[in-house]
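# Geometric and topological summary
The lines below spell out each chain.
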Amino acid sequence: MDEILKGNLIIIGGAEDKKGEKNILKEVCSKIDKEKDELVIATIATDLPKEVGCEYKNIFENLGVKNINVLNVEDRKDTHKINNIEMIKKASLVFFTGGDQLKITSILGGTPLYDIIHESYEKGCVYVGTSAGASVVSDTMIITGEDEESPKKCTLKMAPGLGLIKNVVIDQHFAQRGRIGRLLVAIAENPESLGIGIDEDTAIVICKEGKFKVIGSGAVYIIDGSSITYTNVSEQNPEEILSMFDIKMHVLKNGDKFNLNIRQPIKEDKQSKNENSGR
């Protein structure tokens, strides 16, 4: 199997707590030296870059981060600007906000800024994405699909993502928007990929070894289609209900861990859990 990822990622299902305990955003800040390192907020996906950038800048400042920049890229010309490229080069953590994931890839794809994003990631920069910023980090992303509907054979639109993580398809706002059907279709069409559905105010923290832990108040759903024995997926009769046999699913909560390399949850015995908690 190809290498799944080369760096560290935090992938958030959207609507993370910004006013209460802010546990997920605190975890984000814990990945850098808040006194010295630079955090970049990338507002490419949103139609309100100034407002969204200002909101996150205030949050991260209140959480103790001293050096914060906002990357405002509104069209492809901005991806050639030296100051934008230098901003990513100097960043220790890049945070992609929500919005429209296709906007991110259509603006960045094939540009100098796209190249430097991959270079910085491979050199150890932490990448974080929430909502649309979560979907875009994978090599294949969902663009549109029916929420709260039974899965249908061929009603999903997908496109290449940034490719920071390989062989997965990520969906966000998962339980809140009833997206199980569209993730099932995504995996029926791409059974070599692992489907990851992430609830709101929930995140997965992935290390470069390909293991992740779940944090937040919701659940994470893993759909593994590698053992599918039958599916009726085709372009014919696209509105027909999807049929699929022998698919595997895991549901994880806060503190649970998963190994992407072997596609298995990481089971900890009670003794190791007690030792890890200091009891």
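Above this note sits the structure.
Right, let's walk through the structure included here. (Residues numbered from 1 in each chain as written. Predicted model: local features only at pLDDT ≥ 70, side-chain atom pairs only at ≥ 80, totals over all residues. Heavy atoms only, no water.)

The number of helices and strands found in the protein is 8 helices and 17 strands. On C-alpha atoms alone, the protein measures out to a radius of gyration of 19 Å, which is about the 19 Å that the 2.2 N^0.38 rule sets for 279 residues. Seen through its principal axes, the protein has C-alpha atoms that stretch 55 × 55 × 35 Å. Out of the 279 residues belonging to the protein, those deemed buried represent 49%. Across the protein, the fraction of contacts at a sequence separation of at least 24, relative to all contacts at a separation of at least 6, is 75%. About 13,100 Å² of surface is accessible on the protein, with carbon and sulfur atoms providing 46% of the total. (Helix = DSSP H or I, 4+ residues; strand = E, 2+ residues; numbered from the N terminus. Rg over C-alpha atoms; globule rule 2.2 N^0.38 Å. Buried < 20%, exposed > 50% of the residue type's maximum accessible area, 1.4 Å probe, protein only. Contact = heavy atoms within 4.5 Å. Areas by Shrake-Rupley, 256 points an atom, 1.4 Å probe, with all protein chains shown as cover.)

Mapped onto the elements of the fold, asparagine 69 is located in strand S3 (residues 67-71). In the structure, asparagine 69 is positioned 31 residues away from glutamate 38 in sequence and 7.5 Å away in space, judged by C-alpha atoms. Ignoring anything within four residues of it in the chain, the contact list for asparagine 69 reads Glu38, Leu39, Val40, Ile41 and Met87.

Within the secondary structure layout, aspartate 224 lies in strand S12 (residues 220-224). On the basis of relative accessibility, which here comes to 4%, the residue aspartate 224 falls in the buried class. Here the side chain of aspartate 224 touches serine 226 through a polar contact of 2.8 Å, side chain to side chain. Ignoring anything within four residues of it in the chain, the contact list for aspartate 224 reads Leu194, Ile247, Lys248 and Arg263. (Polar contact = N/O pair within 3.5 Å; in protein donor to acceptor, adjacent residues only side chain to side chain.)

Let's shift gears to the sheet that holds strand S10 (residues 202-206). The pairing of strands in a sheet comes from backbone hydrogen bonds and takes either a parallel or an antiparallel form. Spatial strand order, S3-S2-S4-S5-S1-S10-S11-S16-S17: 9 strands in an open sheet with mixed pairing. Looking along the sheet, the strands with just one partner apiece sit at the ends: S3 and strand S17 (264-266). Here the average twist between neighbouring strands, direction ignored, is 20 degrees. Two strands pair when backbone bridges link them, and S10 and strand S11 (residues 211-216) are joined in this way by 5 bridges, in the antiparallel orientation. Bridge pairing links isoleucine 204 to valine 214 in S11. (Pairing = 2+ DSSP bridges. Axes fitted to C-alpha atoms, helices over the stretch in contact; angles between N-to-C directions.)

What the 4 strands build is an open sheet, ordered S8-S9-S12-S15; its pairing is mixed. In this open sheet, the two edge strands, each paired with only one partner strand, are strand S8 (168-171) and strand S15 (248-252). Neighbouring strand axes in the sheet, compared pairwise and without regard to direction, differ in orientation by 15 degrees on average. Bridge count between strand S9 (residues 194-198) and S12: 5 bridges; the pairing is antiparallel. Paired with glycine 195 across the bridge in S12 is isoleucine 223.

What follows is about the nonpolar core. Grouped together as the largest cluster of nonpolar side chains are 48 residues, with contacts concentrated most on Phe96, Tyr127 and Ile165. Val52, Tyr56, Leu93 and Val205 belong to the second-largest nonpolar core, a separate cluster that totals 23 residues. (Core = buried A, V, L, I, M, F, W, Y, C linked by side-chain atoms within 4.5 Å.)

On to empty space enclosed by the protein, then. According to the stated counting rule, one finds 2 cavities of 30 Å³ or more in the structure shown. Estimated volume of the largest cavity: approximately 70 Å³. In terms of lining, the largest cavity is formed by Gly145, Glu146, Glu149, Ser150, Pro151, Lys152, Thr155, Leu156, Gly181, Arg182 and Val185. (1 Å grid on protein atoms, 1.4 Å probe; cavity = no way out; pocket = protein on both sides within 12 Å on 5 of 7 lines; lining within 4 Å. Points joined across faces, edges and corners; volume = space filled by probe spheres on them.)

Regarding helix H3 (residues 82-90), the residues found buried are Asn84, Ile85, Met87 and Ile88. All buried residues of H3 project into a common sector of 155 degrees when viewed along the axis, lining one side. Opposite its buried face, H3 presents the exposed residues Ile82, Asn83 and Lys90, each directed more than 90 degrees away. Taken together, the buried residues of H3 touch strand S2 (38-42), S3, strand S4 (93-96), helix H5 (112-122) and strand S5 (126-130). (Arc of directions from axis to C-beta.)

Note that isoleucine 262 resides in the loop between strand S16 (257-259) and S17. When the C-alpha atoms of isoleucine 262 and leucine 164 are compared, they prove to be 19 Å apart, with 98 residues separating the residues in sequence.

Next up on the list: the environment of serine 131. With respect to the helices and strands, serine 131 occurs in the loop between S5 and helix H6 (132-135). By relative accessible area, serine 131 is classed as buried at 13%. Residues serine 131 and alanine 45 lie 86 residues apart in sequence; the distance between their C-alpha atoms is 9.8 Å. Look past the residues within four positions of serine 131 in its chain and what remains in contact with it is Ile12, Gly13, Gly14, Gly98, Gln172 and His173. Looking at serine 131, its side chain comes within polar contact range of the side chain of histidine 173, at 2.8 Å.

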